[in-house]
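# Topology and contacts: notes
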Amino acid sequence: MKKGLTITILILIVFVFSGALYYLYAKNQESPVVYVLDKAEIKTIVKNTIATGHIVPNEEVLIKPNISGIIETVYIKAGETIKAGDLIAKIRVVANVSNLSSSQNQVQTSKIALDNQEKLFKRQKTLYDKGVISANDFDAAQLGYNQAKQNYSAAQQGFEIVKTGTTSGLGNYANTLIRSTVNGMVLDVPVKVGNQVIESNNFNEGTTIASVADVGRMIFVGKIDESEVGKIKEKLAIEITVGAIENKKFDAILQYIAPKGIAENGAIQFEIKASLTNKDDTFIRAGLSANASIILEKADKVLAIKEALIQFDSKTQKPFVEVEKTNQKFERRDLVLGVSDGIYVEIKSGITPKDKIKVWNQGLKTDEPKR
């Protein structure tokens, strides 16, 4: 019994020993790992953040009437280029019954006062001609008569304005003919013939008859998240991409960052504005959606490598790469990094353009090995 157990154990030991020898033999037959190599490149690296928004005119002027009434004629349409003073629309005044009655009563009152002053003046003139009264008394009577005539004339003009919206003393274009106050393109004409309009005054903004703007001076208006607003500042360079204009970018300068954010969809958004500097001859329609790439940092034509090539020391967390010294033999090189765009990173020191860098992550997609 003991002899059989001993034989079994010996056989088992032989099998284990043989398996170990076979494993070591098979392992020695495996091909050694050959690391792919890569090199640094000369690149321009741009670190940026994106803001969404739209293109609007720098100054948009709303043309409003200075008298209420009904649009009788519209002389322009959207898209036309006009100059300051060009006719936009004509308004037909609809008289207010209360104001009309009040003005008519003023005319009658002024006429009564004028008739009374005229009688007094004629009486005083007769007495003056006879030498009964002094020149001062006569002058006072004449002054009162002249003032009464002026009041009557003013009352008649006021009645005429209430009734028709204009008067011969102020010119036919004073109220009923609406003219442009600026040069530019007509962006919108929100009224039509027959629409009623309200005058612009201290208590009412008035009805907009047309909006006019200089489309040669366009700006980008957008919003940026609170997580990014601390990274930007005024006068930063911006690249504007307009969705409706393919394969074209416009340079701009950041001019304004809102001091106060607005909550939208659970996040705080800050408004920004940027003026376009290279609009050239491209016609950009007001209101087009656009994206602004705000350049935070830029490094022109610097030595750079893919970020995936960089390793970090487990203790110091300092970046380094492994550079080939001889065939598949590597040494560590500590790096000083610069600007990164998330794919490539600037190398300030540590390697040269001729160094062959180990692709330690074999899953990294690279071009053909660079040797």
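Treat the numbers as computed from the prediction; the structure is a model and nothing was measured. Here the residue numbering is sequential within each chain, running from 1 through the sequence in written order. In keeping with the model being predicted, local features are shown solely for residues with a pLDDT of at least 70 and side-chain atom pairs are shown and tallied solely at 80 or more, while totals for entire chains, interfaces and linings include all residues. Excluding hydrogens and water, the side-chain values take into account all heavy atoms of the structure.

## Notes on the side chain of Lys306
Rule in force here: We count a stretch as a helix when DSSP gives it H or I for four or more residues in a row; a strand needs E for two or more, and each element gets its number in order from the N terminus. Type-normalised accessible area, obtained with a 1.4 Å probe on protein chains alone, sets the label of each residue: buried when under 20%, exposed when over 50%, and partly exposed for intermediate values. Think of a polar contact as two N or O atoms within 3.5 Å of one another; within protein, one of them needs to be a possible hydrogen donor and the other a possible acceptor, and neighboring residues in sequence only count if both atoms come from side chains. In this description, contact between two residues means that some pair of their heavy atoms is separated by no more than 4.5 Å.
In this fold, Lys306 is placed in strand E16 (residues 289-306). Since its relative accessible area comes to 15%, Lys306 is described here as buried. One polar contact links Lys306 to Asp38, side chain to side chain, over a distance of 3.1 Å. For Lys306, the residues in contact, after removing those within four places along its chain, are Asp38, Glu41, Ile343 and Tyr344.

## Structural notes on the packing of aromatic side chains
Rules: Side-chain rings of Phe, Tyr and Trp, where Trp is taken by its six-membered ring, are said to pair if the distance between their centres is within 6.5 Å; with planes under 30 degrees apart they count as stacked, over 60 as edge-to-face, and otherwise as tilted. Only Lys NZ and Arg CZ are tested; either one counts as a charge over a ring when it is within 6 Å of the ring centre and within 35 degrees of the ring normal.
Scanning all chains against the criterion turns up 3 aromatic pairs. Aromatic pair Phe121 and Phe138: ring centres 5.7 Å apart, planes at 35°, arrangement tilted. Residue Phe121 is found in helix H2 (residues 97-129), and its partner Phe138 is found in helix H3 (residues 135-164); the two are separated by 17 residues along the sequence. With relative accessibility at 14%, the residue Phe121 sits in the buried group. Grouping aromatic residues by their ring pairs yields a cluster made of Phe121, Tyr128, Phe138 and Tyr145. Positioned over the ring face of Tyr256 is Lys273, at 5.5 Å from the centre of the ring. Of note, Arg332 hangs over the ring of Phe320, and the distance from its end group to the ring centre comes to 4.2 Å.

## Remarks on the side chain of Gln311
Looking at where Gln311 falls in the secondary structure, it is placed in strand E17 (residues 311-312). Gln311 gets classed as buried once you look at its relative accessible area, which sits at 15%. A polar atom in the side chain of Gln311 sits 2.9 Å from the side chain of Glu322. Among residues more than four places away in sequence, those in contact with Gln311 are Lys318, Pro319, Phe320, Glu322 and Trp360.

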